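# Coordinate analysis (summary)
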Amino acid sequence: MLELRDIHKQWDHRPLLDGVSLRVEAGETVALLGASGSGKSTLLKIVAGLDAPEAGSVWFDGVDITALPPEQRGFALMFQDFALFPHLNLQDNVAFGLVEQGVRRSEARNQARIMLARFGLAGQALRKVWTLSGGEQQRVALARALITQPRALLLDEPFSALDASLREQLRTEFRERITEAGMTAILVTHDEQEARAMAQHAWGLQGGKLVSLW
Ligand SMILES: Nc1ncnc2c1ncn2[C@@H]1O[C@H](COP(=O)(O)OP(=O)(O)OP(=O)(O)O)[C@@H](O)[C@H]1O
Ligand SMILES: [Mg+2]
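Predicted model only: the values in this text are computed from it and were never measured. Along each chain, the written sequence defines residue order, and numbers are assigned to residues from 1. To read the labels, note that chains go from A and ligands from 1, taken in the order they are written. Given that this is a predicted model, residues contribute local features only at a pLDDT of at least 70 and side-chain atom pairs are listed and counted only at 80 or more, while totals for whole chains, interfaces and linings are drawn from all residues. Here the side-chain values reflect all heavy atoms present in the structure, with hydrogen atoms and water set aside.

Once that is clear, we can look at the packing of aromatic side chains. Think of a pair of aromatic rings as described by two things: how far the centres are apart, and how the planes are tilted against each other in angle. Two rings from Phe, Tyr or Trp (for Trp, the six-membered ring) form a pair when their centres are within 6.5 Å of each other. A pair whose planes differ by under 30 degrees is stacked, one over 60 is edge-to-face, and the rest are tilted. Taken as a whole, this structure holds three aromatic pairs when the rule is applied. Arranged with centres 5.6 Å apart and planes meeting at 55°, the rings of Phe-60 and Phe-75 form a pair that is tilted. Residue Phe-60 is located in strand E4 (residues 55–60), and its partner Phe-75 is located in strand E6 (residues 75–78); the two are separated by 15 residues in the primary sequence. Of the two residues examined, Phe-60 and Phe-75, each falls in the buried class. Here the aromatic rings of Phe-85 and Phe-96 are separated by 4.8 Å at their centres, their planes lie at 55°, and the arrangement is tilted. Here Phe-96 lies in helix H2 (residues 90–100) and Phe-85 lies in the loop between E6 and H2, a separation of eleven residues in the sequence. For every residue, the accessible area obtained with a 1.4 Å probe (protein chains only) is divided by the maximum for its type, and the residue is called buried under 20%, exposed over 50%, and partly exposed between those limits. The exposure class assigned to Phe-85 is partly exposed, which follows from its relative accessible area of 25%. In this structure Phe-96 comes out as partly exposed when scored by relative accessible area, which is 33%. A ring has a charge above it when a Lys NZ or an Arg CZ is no more than 6 Å from the ring centre and no more than 35 degrees off the ring normal. The ring centre of Phe-85 lies 5.3 Å from the NZ or CZ of Arg-144, which sits over that ring. Here the guanidinium or amino end of Arg-177 rests over the ring plane of Phe-119, the centre of that ring lying 5.8 Å away. Here a strand is any run of E in DSSP of at least two residues, a helix any run of H or I of at least four, and the numbering for each starts at the N terminus.

Any residue with a heavy atom positioned within 4 Å of a molecule or strand is treated as near that molecule or strand. Around ligand 1, 13 residues are found, and the nearest of them are Ser-36, Gly-37, Lys-40, Ser-41 and Thr-42. Here a polar contact is recorded for every N or O atom pair within 3.5 Å, except that within protein the pair must consist of a potential hydrogen donor and a potential acceptor, and residues adjacent in sequence are included only if both atoms are side-chain atoms. A distance of 2.7 Å is found between an oxygen atom of ligand 1 and a side-chain nitrogen or oxygen belonging to Lys-40. Between His-190 and ligand 1, the recorded distance is 3.1 Å, taken from a side-chain N or O atom to an oxygen atom. Residues belonging to the shell around ligand 1 are distributed by class as follows: three nonpolar, eight polar and two charged. Lys, Arg, Asp and Glu make up the charged group, whereas Ala, Val, Leu, Ile, Met, Phe, Trp, Tyr, Cys and Pro make up the nonpolar group; the residues left over, Gly among them, are polar.

For this document, the term salt bridge refers to a Lys or Arg side-chain nitrogen within 4 Å of an Asp or Glu carboxyl oxygen. Using the criterion set out here, one finds twelve salt bridges in the structure. With a closest N to O distance of 3.3 Å, Arg-5 and Glu-3 form a salt bridge. In this structure, a network of salt bridges that share partners links the residues Arg-167, Arg-171, Asp-191 and Glu-194.

This is the structure we're talking about:
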C-alpha cells in the first residue's frame, strides 16, 4: 500500500499542498483531478521522490520512504512529456530498465519483444522511436514502464498530447495492461471520463487539499 501522510509543500511562499493524505491500496488505481496549477504534478513528483515535501511523509508497505532517492523507490513514472530515447529502436527503449538492473542485453531484448507484442507492436521491435505516432509512442512508454515490474506506476496526463478517439482507445488498453500486471497506480488527469475509465477512486485537489470525488 502506498500512503501519503499530511504532505505540505509551499510554492512562492504560498501553500500549494496543505496537508495532503492519501492511501492507495495494492493493485488499485486512484485518479487525481484538479485545475491547472493546483499541484497535481507536484504531488506526483513528491511520491516519485523527484521533489521533497516540507512536512509529511511518504510510505510504501509500512516503510517510510520519504528520504529515499527516486531510483530506490521502485516506482515507474510516465509524465506529460514522456521521454523515450529517439535514437534507439523500440526494443532497446523497452529493454532499457532491465539492462540498468543488470539483465543481459540479449535477455532484456527478448523480454522487450514479448512486452511489445502485448502492446500490439509485434514485429516492430527494430523501428526507431521517431517514426512512431503519438499513440504508439505512449504504448512504448507504458511497456517500458511496466517491464521492470515496478511497485507502483505514476502517470501524469499520459494522453494529453493525443486526439480524442486515440485517448479513448488507449485508456482502455492501459487499464487492461495495468490490471493484468496487478499494478498499484496513481493517474493524474484533467479528464473525468478518463479517470472513470481507469481508476477505482478519484480525488480532487482543491486549495491544497484532497477532496474525495468517488
Ligand atoms: N519547480 C517549479 N518550478 C516552477 N513552478 C513550480 C515549481 N513547482 C511548483 N510550481 C508552481 O506550482 C503550481 C503547481 O504546479 P503543478 O505543476 O503541480 O500543477 P498541476 O496541477 O500539475 O498543473 P497542470 O494541470 O497544468 O499540469 C504552479 O503554479 C507552478 O507554477
Ligand atoms: Mg501537471
